[in-house]
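# Tertiary structure, described
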Amino acid sequence: MVKPIGLTNKEMARILNLSERTLHGLQPDARLDSNASERLSLLEVLIKHGLDVFDGRTDVLGRWLQGPLPELRRQAPVTLLDTTTGFSMVHTVLGRIEHGIYS
């Protein structure tokens, strides 16, 4: 799910609140704890929203997530995805883009 948008293992570990070592050692059929599962679900919804906004272009979404935005105090959206508030802020910016409100 996240490979096409270019999230690194380090970024995924931070988003899921796991160590990189734990993330790397997870088996494909491993069950995440409720906190990591919730964050993964939030990420999935965010990616779907982003792909809707950027017409399914994973490359554009990936670049957008990595670039600092004035609306987010010059922070890259990906850096905010370690809290539910951060996810909400990123969704808000995507919604503004979706509706043509750029500032």
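Presented here is a report on the structure given in the accompanying data block.

Each value, and the rule that gives it
Residues numbered from 1 in each chain as written. Predicted model: local features only at pLDDT ≥ 70, side-chain atom pairs only at ≥ 80, totals over all residues. Heavy atoms only, no water. Helix = DSSP H or I, 4+ residues; strand = E, 2+ residues; numbered from the N terminus. Buried < 20%, exposed > 50% of the residue type's maximum accessible area, 1.4 Å probe, protein only. Lys, Arg positive; Asp, Glu negative; His and termini not counted. Salt bridge = Lys/Arg side-chain N within 4 Å of Asp/Glu carboxyl O. Polar contact = N/O pair within 3.5 Å; in protein donor to acceptor, adjacent residues only side chain to side chain. Expected span 1.5 Å × (residues − 1). Arc of directions from axis to C-beta. Contact = heavy atoms within 4.5 Å. Axes fitted to C-alpha atoms, helices over the stretch in contact; angles between N-to-C directions. Parallel < 35°, antiparallel > 145°, perpendicular 65-115°, else oblique. Nonpolar A, V, L, I, M, F, W, Y, C, P; charged D, E, K, R; others polar. Phe/Tyr/Trp six-rings, centres within 6.5 Å; stacked < 30°, edge-to-face > 60°.

## With respect to the side chain of glutamate 11
Topologically, glutamate 11 is positioned in helix H1 (residues 9-16). It is arginine 14 that comes nearest to the buried, bridge-free glutamate 11 among opposite-charge side chains, at 5.8 Å. Engagement of the side chain of glutamate 11 in a polar contact is seen with the backbone nitrogen of threonine 8, the distance being 2.9 Å.

## Observations concerning helix H3 (residues 34-53)
Residues separated by three or four positions in an α-helix point in the same direction, a consequence of the helix having 3.6 residues per turn. The end-to-end C-alpha distance of H3, which contains 20 residues, comes to 29 Å, matching closely the 28 Å that a straight helix rising 1.5 Å per residue would cover. Residues Ala36, Arg39, Leu43, Leu46, Ile47, His49, Gly50 and Val53 constitute the buried set of H3. Across the axial projection of H3, the buried residues extend over an arc of 165°, all falling on one side. For H3, the exposed residues lying more than 90 degrees away from the buried face are Ser34, Lys48 and Asp52. Buried residues along H3 sit against H1, helix H4 (58-66) and helix H5 (84-98). Between a side-chain oxygen at the N-terminus of H3 and the backbone nitrogen of asparagine 35 the separation is 3.2 Å; the capping residue is aspartate 33.

## Some words on the packing of H3 against H5
Running from N to C, H3 and H5 cross one another at 10°; their axes reach a closest spacing of 10 Å. In terms of orientation, H3 and H5 fall into the roughly parallel class. Judged by residue contacts, Arg39, Leu42, Leu43, Val45, Leu46, His49, Gly50 and Val53 of H3 engage Thr84, Phe87, Val90, His91, Leu94, Gly95, Ile97 and Glu98 from H5. When grouped by side-chain class, the residues that make up the contact of H3 with H5 number 9 nonpolar, 5 polar and 2 charged.

## As for the packing of aromatic side chains
Tallied over the full model, the rule gives 1 aromatic pair. Judged by centre distance (5.8 Å) and plane angle (50°), the rings of phenylalanine 54 and tryptophan 64 are tilted. Remark: tryptophan 64 occurs in helix H4 and phenylalanine 54 occurs in the loop between H3 and H4; sequence separation between them is 10 residues. Residue classification places phenylalanine 54 among the buried positions, given a relative accessible area of 15%. Take tryptophan 64: its relative accessible area is 12%, and that puts it in the buried class.

Functional significance is not addressed by these values, which are geometric in nature.
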